[in-house]
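# Analysis of the macromolecular model
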Amino acid sequence: MAKLTVKDVELKGKKVLVRVDFNVPLKDGVITNDNRITAALPTINYILEQGGRAILFSHLGRVKEEADKAGKSLAPVAKALSEKLGKEVVFTGTTRGAELEAAIAALKDGEILLVENTRFEDIDGKKESKNDPELGKYWASLGEGIFVNDAFGTAHRAHASNVGISANVDKAVAGFLLENEIAYIQEAVEAPERPFVAILGGSKVSDKIGVIENLLSKADKVIIGGGMAYTFLKAQGYEIGTSLVEDDKLDLAKELLEKAAGKLILPLDHKVANAFAGYTEVKETADQNIPEGFMGLDVASKTIADYNTQLEGAKTVVWNGPVGVFENPDFQAGTVGLMEAIVKQPGVKSIIGGGDSAAAAINLGYADKFSWISTGGGASMELLEGKVLPGLASLTEK
Ligand SMILES: Nc1ncnc2c1ncn2[C@@H]1O[C@H](COP(=O)(O)OP(=O)(O)O)[C@@H](O)[C@H]1O
Ligand SMILES: O=C(OP(=O)(O)O)[C@H](O)COP(=O)(O)O
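Residues numbered from 1 in each chain as written. Chains lettered and ligands numbered in written order. Predicted model: local features only at pLDDT ≥ 70, side-chain atom pairs only at ≥ 80, totals over all residues.

## Quick look at the overall build of the protein chain
Heads up, the rule is: Only DSSP runs of H or I reaching four residues or more are called helices, and only runs of E reaching two or more are called strands; each is numbered from the N terminus. Each radius of gyration reported is based on C-alpha atoms, and the globular scaling rule is 2.2 Å times the count of residues to the power 0.38. Whether a residue is buried, exposed or partly exposed is read from the other C-beta atoms within 10 Å of its own C-beta, which are placed from the backbone; 20 or more gives buried, 12 or fewer gives exposed, and intermediate counts give partly exposed.
The helix and strand tally for the protein chain stands at 15 helices and 17 strands. In summary, the protein chain has a C-alpha radius of gyration of 21 Å against a globular reference of 21 Å for 398 residues, a match within 12%. Counting only C-alpha atoms and orienting by the principal axes, one finds that the protein chain spans roughly 65 × 45 × 35 Å. In the protein chain, which comprises 398 residues, the share counted as buried stands at 50%.

Written as structure tokens, this is what we have:
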């Protein structure tokens, strides 16, 4: 890569600022998949072995108001990281101020500190997510001119904790994870072996619906599943009950369906329930329609059979976003069926990315069956679209 990497800078005795993506899935305060922590270890260990004093930044979830902070502290992540590293991870539970600054000043060579969830700064004016200049400058001032960005999963964002810090240091360099992810995914999608199938599911509908237009021009087929599917089905006139939907994206969905000329593949049936949690009835639908009072939480048997047909002979597959609420065993058959349909294709290059998608692949026993499990979902998709990732663009040229 044409950017400086962590190998290009002198770290010994320096306070080194590091952006990682520790946006891990949590259930009742327990980390349900620690892939994003494990994936950052090579860079962290390298910095510590070189005698650097590592100051780590990460976001966790989305925080708009005070109440959203509940359950989004990085405290459990600090504990998990400490266990993996076999050393103390200093954690003050703050994103700025005297206590944090004193803890940083007390760090010795080879020691590590984790700053609290960077998005706690979003409560008062979205300072992190809008890349407030004061915040990037302040966080940069906590170090000594070196910033290591290893947060591939967040590289499609231009936030204070990546782009903002980069703008205020002497050298902003790539960590090993960022470097490896970009190299692998770029190589796979630059001139992909065909048929090339892109798959988009998950629940970040308004966030990710925009990538579909470019995916249609790159891939031979685009499979839409999970929470992403119902906006398209509603746009086609199907009944979607109480399923996840973005009504203000219906026109865009219609436009995309017209442009797609049959390349967009939607579910043929659904597994539905009468509530997201605490449901009393679960059933499969006979077709695309969802009965009143029910929500689609997975795809069902006709769709899974269709996935096997659609993927036959595929040579490159890039997938972000589970096609059902895989965290609940009642709604994981679609995601498992899709994984099976992909990995059985002879010679297929298969990439699955995203915090939850990677968790699905690993937790459901497919870790060794994909060619590449990426820590980034939106980031992988934007790379595939051919977009410049701000987190990468803001690093120092070699
Ligand atoms: N039909 C659905 N309705 C609601 N949520 C869904 C549905 N299908 C999948 N999901 C949810 O989408 C989430 C993952 O979405 P997203 O964050 O976009 O993926 P990733 O983290 O892999 O990028 C999962 O928590 C999953 O439960
Ligand atoms: O989980 C993430 O993205 P992903 O779900 O697309 O993989 C990243 O941590 C970015 O999080 P964001 O989409 O809240 O900015």
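## Concerning the site of ligand 1
Short version of the rule: Each residue gets a C-beta atom placed from its backbone. If that atom is within 6 Å of a molecule or strand, the residue is near it.
The environment of ligand 1 is formed by 20 residues, the closest being G202, G226, G354, S357 and G377. Elements with a contribution of two residues or more to the shell around ligand 1: strand 14 (295–299) and helix 13 (355–363). It is helix 13 that contributes the most residues to the shell around ligand 1, three residues altogether.

## Topic: the sheet that holds strand 5 (residues 89–91)
Spelled out, the test is: One bridge is not enough; two strands pair if DSSP finds at least two bridges between them. A fitted line through C-alpha atoms represents every axis, and for helices the fit uses only the stretch in contact; the resulting angles, taken between N-to-C directions, go from 0 to 180 degrees.
Strand order in the open sheet made by the six strands is 5-6-4-1-7-8, with parallel pairing throughout. Edge strands, defined here as strands with exactly one partner in the open sheet, are strand 5 and strand 8 (171–174). Going across the sheet, the axis of each strand differs from the next one's by a mean of 25°, ignoring polarity. One ladder, built from three bridges, connects strand 5 with strand 6 (residues 112–114); its direction is parallel.

## Brief notes about the UniProt feature "binding site: substrate" (unreviewed entry) in the protein chain
Using the following cut-off: UniProt positions are given in the numbering used here, feature names are shortened, and annotations may be inferred rather than shown by experiment. In this description, a residue-residue contact is defined by the distance between C-beta atoms placed from the backbone, which must lie within 7 Å.
According to UniProt, the "binding site: substrate" (unreviewed entry) feature falls on D21, F22, N23, R36, H59, L60, G61, R62, R119 and R157. On the secondary structure map, N23 appears in the loop between strand 1 (15–19) and strand 2 (26–27). Overall, N23 belongs to the buried group, with 23 C-beta atoms counted inside 10 Å. Setting aside anything within four residues of it in sequence, one finds N23 in contact with R36, S58, H59, L60, G61, G153 and G355. Within the fold, L60 resides in the loop between strand 4 (53–57) and helix 2 (75–85). Under the C-beta neighbour-count criterion, L60 is labelled buried, with 21 such atoms within 10 Å. Not counting the four nearest positions on each side in its chain, L60 is found in contact with F22, N23, K72, L74 and N117.

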